[in-house]
Each structure stands twice: as structure tokens, then as C-alpha cells.
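# Examination of the molecular architecture
Residues per chain are reported as follows:
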Amino acid sequence: MVGIAVLALLVADCGGHSTGSAQNQPAVAIAPTSTTAPDLPNVHLPAGAVPVAGAKVDARALPAGYPRLVWTEGNGGVVGFFAEQGACTTASASVIGETDLAVTVRLVITQPASTKPCPQYLLNKEMTVNLDRPLGSRTVIMQAAIERG
């Protein structure tokens, strides 16, 4: 019984002291750079990647809260983006259309066919698709589909 009382006092005393917890740290505002996704502060563009201006990306069809950073690599013939992938979900993408005005990319999220339990975490997977010719001034249209595996 004395051990429980001592333990209770120690635990109660720890509440007033900090060992560097986040709640006692000063808030730091990180200004996004051209190599950081504003909606994904810990995600960076690959070396040599060039962000596609927001006005040239139509990502309205992506699920709410989904990463919307799009970039080109090399001479602009490769378009990159992030897709959310989890323990039981996979992501794939392909170019489904190229015109003089736009490139349409279809992102497919495949969920498991079974109802077995899955850990609920998401990773931002870097993905790329190859274009027939450099992106140039064309708009990137992102589409999304959810399928059962």
C-alpha cells in the first residue's frame, strides 16, 4: 500500500515538470519553400524536381485532405506527385490522356477485398508517370478512383 502511495506521488509530481514535451516547446512557423509541400510539411520534392504552379494543377477530383503537390522531373517529360498508401492499401497511377492543353493522370487506390483488420496508418508514397512529351504549359488534371483488391 505504501508503494502505491509513493508511486502516486511520483506520478503527480511529474505532471508539473517537463522533459521537453511538445506542449512546452515554442511554436515554430515553417514557411513553405519550393521544395516542401505546404500541406505536407515533412515531405520534400526529389532533387532536381520543379514544382508545377498551383494554377496548372486541377486536383479537385482527389479526396479531401489528399496531397496536391505536383512536379516535373528531367526535361518535363515526367510528372511526379504523392499518393497516400497504407498497410492494406496500395496506390498506382497512369496517364489516361494527353492533349495540347492538359495531361490527365488517374490515381487508383486499391483497398483490400477482405474485411480483415489492418493497421490504420498512411504514408505519402512518391509516384511518377511518363509523358509522351514534356508538360510545358499544359495543365495536370488529377483523377482518383478507389477499387477493391
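The text that follows walks through the structure, step by step, so that each part is easy to find. (Residues numbered from 1 in each chain as written. Predicted model: local features only at pLDDT ≥ 70, side-chain atom pairs only at ≥ 80, totals over all residues. Heavy atoms only, no water.)

## Here we look at the side chain of Thr 72
- Following the sequence through the fold, Thr 72 ends up in strand β5 (residues 70-73).
- Look at Thr 72 and you get buried, because its relative accessible area is 11%.
- Those residues in contact with Thr 72, other than ones at most four positions away along the chain, are Gly 48, Ala 49, Val 50, Val 52, Val 78, Val 79 and Leu 135. (Helix = DSSP H or I, 4+ residues; strand = E, 2+ residues; numbered from the N terminus. Buried < 20%, exposed > 50% of the residue type's maximum accessible area, 1.4 Å probe, protein only. Contact = heavy atoms within 4.5 Å.)

## Details of the nonpolar core
- Among the nonpolar cores identified, the biggest contains 20 residues, and Val 70, Val 79, Phe 81, Val 105, Leu 107, Val 140 and Met 142 are the most heavily contacted of them.
- Going through the elements one at a time, β6 (78-86), β8 (102-111), β9 (122-130) and β10 (139-148) are the ones with two or more residues in this core.
- With 4 residues, the single largest contributor to this core is β8.
- Among all residues touching Val 79, those that are not within four sequence positions of it are Val 70, Trp 71, Thr 72, Met 127, Thr 128, Val 129, Leu 131 and Val 140. (Core = buried A, V, L, I, M, F, W, Y, C linked by side-chain atoms within 4.5 Å.)

## As for the sheet that holds β5
- If you trace the 4 strands from one edge of the open sheet to the other, you get β3-β5-β6-β9, paired in antiparallel fashion. Here the strands that pair on one side only, and so sit at the sheet edges, are β3 (50-51) and β9.
- By the bridge criterion, 4 bridges tie β5 to β6 in an arrangement that is antiparallel. Opposite Thr 72, over in β6, you have Val 79 as the bridge partner. (Pairing = 2+ DSSP bridges.)

## Some remarks on the pattern of salt bridges
- Throughout the structure, instances matching the rule amount to 4 salt bridges.
- Here Arg 138 ties to Glu 98 by a salt bridge, and the two come within 3.1 Å at their closest N and O atoms. In this pair, Arg 138 sits in the loop between β9 and β10 while Glu 98 sits in strand β7 (residues 90-98), placing the two residues 40 residues apart along the sequence.
- According to the relative accessible area criterion, Glu 98 is partly exposed, its value standing at 24%.
- Between Arg 133 and Asp 100 there is a salt bridge, and its shortest N-O distance comes to 2.8 Å. Of this pair, Arg 133 sits in the loop between β9 and β10 while Asp 100 is found in the loop between β7 and β8, placing the two residues 33 residues apart along the sequence.
- The class for Arg 133 is partly exposed, based on a relative accessible area of 37%. (Salt bridge = Lys/Arg side-chain N within 4 Å of Asp/Glu carboxyl O.)

## Looking at the environment of Leu 135
- Tracing the sequence through the fold places Leu 135 in the loop between β9 and β10.
- In this view, Leu 135 contacts Val 52, Thr 72, Gly 76, Val 103 and Val 140; residues no more than four positions away in its chain are not counted.

## Here we look at the state of the cysteines
- All told, the structure shown has 1 disulfide when counted by the stated rule.
- One disulfide in the model links Cys 88 with Cys 118; its S-S distance is 1.8 Å. Because the torsion about its S-S bond is -105°, the bridge between Cys 88 and Cys 118 counts as left-handed. Here the residue Cys 88 occupies a position in the loop between β6 and β7, and Cys 118 occupies one in the loop between β8 and β9, the gap between them amounting to 30 residues.
- Looking at Cys 88, the relative accessible area reads 21%, which means it is partly exposed. (Disulfide = S-S within 2.5 Å.)

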